[in-house]
Amino acid sequence: GQNIDQPTEMTATEGAIVQINCTYQTSGFNGLFWYQQHAGEAPTFLSYNVLDGLEEKGRFSSFLSRSKGYSYLLLKELQMKDSASYLCAVRDRAAAGNKLTFGGGTRVLVKP
Amino acid sequence: DSGVTQTPKHLITATGQRVTLRCSPRSGDLSVYWYQQSLDQGLQFLIQYYNGEERAKGNILERFSAQQFPDLHSELNLSSLELGDSALYFCASSVLAGGPADTQYFGPGTRLTVL
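Being a predicted model, the structure only gives us computed values, none of them experimental.

**Some remarks on the side chain of Q37 of chain A**
Point 1. The topology assignment puts Q37 of chain A in strand β4 (residues 29-37).
Point 2. Under the relative-accessibility criterion, Q37 of chain A is labelled buried at 7%.
Point 3. There is a polar contact of 2.8 Å between the side chain of Q37 of chain A and the backbone oxygen of E41 of chain A.
Point 4. If we ignore the near neighbours within four places in the chain, the residues touching Q37 of chain A are A42, P43, A84, S85 and L87 of chain A together with Q37 and F90 of chain B.

**As for the pattern of salt bridges**
All names here are of chain A.
Point 1. For the structure shown, the criterion picks out six salt bridges over all chains.
Point 2. A salt bridge links D52 to R66; the nearest nitrogen and oxygen atoms lie 3.0 Å apart. Taken together, the residues span a long stretch of sequence, with D52 in the loop between β5 (44-49) and β6 (53-57) and R66 in the loop between β7 (60-65) and β8 (70-75) at a distance of 14 residues.
Point 3. Given a relative accessible area of 44%, D52 falls into the partly exposed group.
Point 4. Judged by relative accessible area, R66 falls into the partly exposed class, the value being 42%.
Point 5. Of the charged contacts in the structure, one is a salt bridge between K76 and E56, with a shortest N-O distance of 3.4 Å.

**Focus: the pairing of β5 of chain A**
Consecutive residues of a regular strand have side chains that alternate between opposite faces of the sheet.
Residues and elements named next belong to chain A.
Point 1. Two strands pair when backbone bridges link them, and β4 and β5 are joined in this way by five bridges, in the antiparallel orientation. Within β5, the residue paired with L32 across the bridge is N49.
Point 2. Between β4 and β5, which pair antiparallel one after the other, the connecting turn spans six residues, and G40 there sits at a positive phi close to 75°.

**Things to note about the sheet that holds β8 of chain A**
Residues and elements named next belong to chain A.
Point 1. Taken in spatial order, the five strands of this open sheet run β1-β3-β8-β7-β6, and their pairing is antiparallel. The sheet is open, and its two borders are formed by β1 (3-5) and β6, each paired with just one other strand. Pairs of neighbouring strands in the sheet enclose a mean axial angle of 15°, with direction left out of account.
Point 2. Two strands pair when backbone bridges link them, and strand β3 (residues 18-25) and β8 are joined in this way by six bridges, in the antiparallel orientation. Along β8, the bridge assignment pairs N21 with Y72.

**Points about the state of the cysteines**
Residues and elements named next belong to chain A.
Point 1. If you walk through the whole model with that rule in mind, you get two disulfides over all chains.
Point 2. The partner cysteine of C22 in its disulfide is C88, sulfur to sulfur 2.0 Å. Torsion about the S-S bond of the C22 and C88 cystine: about -65°, corresponding to left-handed handedness. Residue C22 is found in strand β3, and its partner C88 is found in strand β9 (residues 84-92); the two are separated by 66 residues along the sequence. The pair C22 / C88 is uniform in exposure class, with both members buried.

Parameters at a glance
Residues numbered from 1 in each chain as written. Chains lettered and ligands numbered in written order. Predicted model: local features only at pLDDT ≥ 70, side-chain atom pairs only at ≥ 80, totals over all residues. Heavy atoms only, no water. Helix = DSSP H or I, 4+ residues; strand = E, 2+ residues; numbered from the N terminus. Buried < 20%, exposed > 50% of the residue type's maximum accessible area, 1.4 Å probe, protein only. Polar contact = N/O pair within 3.5 Å; in protein donor to acceptor, adjacent residues only side chain to side chain. Contact = heavy atoms within 4.5 Å. Salt bridge = Lys/Arg side-chain N within 4 Å of Asp/Glu carboxyl O. Pairing = 2+ DSSP bridges. Axes fitted to C-alpha atoms, helices over the stretch in contact; angles between N-to-C directions. Disulfide = S-S within 2.5 Å.

This is the structure:
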């Protein structure tokens, strides 16, 4: 089975940087995804990591350490529209269908 | 817009009833996934279909069933509805059956309210 942990809620100021951590335990790690979800809306894909290191995409970056079972999503130059939940999801090759398991999400509140 | 469509957007029904939710995947995607998201809960995987065949099952109740048709659209059937079934139901699609970089793209969801 899988266990994915991320903080429930974080607050940050507009223009600042926020780092959302995700730790996981899986028997057959096969990729980690980050999604953004505004309240009542669909999750939208942000980033994907399968090898160790940092992937940068504009204001968003995602880091992975497979040996530590750890990832983080870094949001820079925060904007009000970044207020949303951020979901960490891990793919396990040992699971049927290479199933993706989602963490509970981290709600980020950006204040002016 | 992810390219995944879901209908209806909202559904209000009574306990004991049966409803059908519909999903059309992105053009070219062969896999369809169904998820349930209750208020303040995470995404719970229900079931996956790949090219018409059931590929993986999650925490799907026996009262729930799904299928994927030859044109690759999928339907999720929920029967003997209970108050606790009220939730957002998302469909997602991906190109393959779940390889390492196989990204899932989500539809806008169907909000089900059981009264």
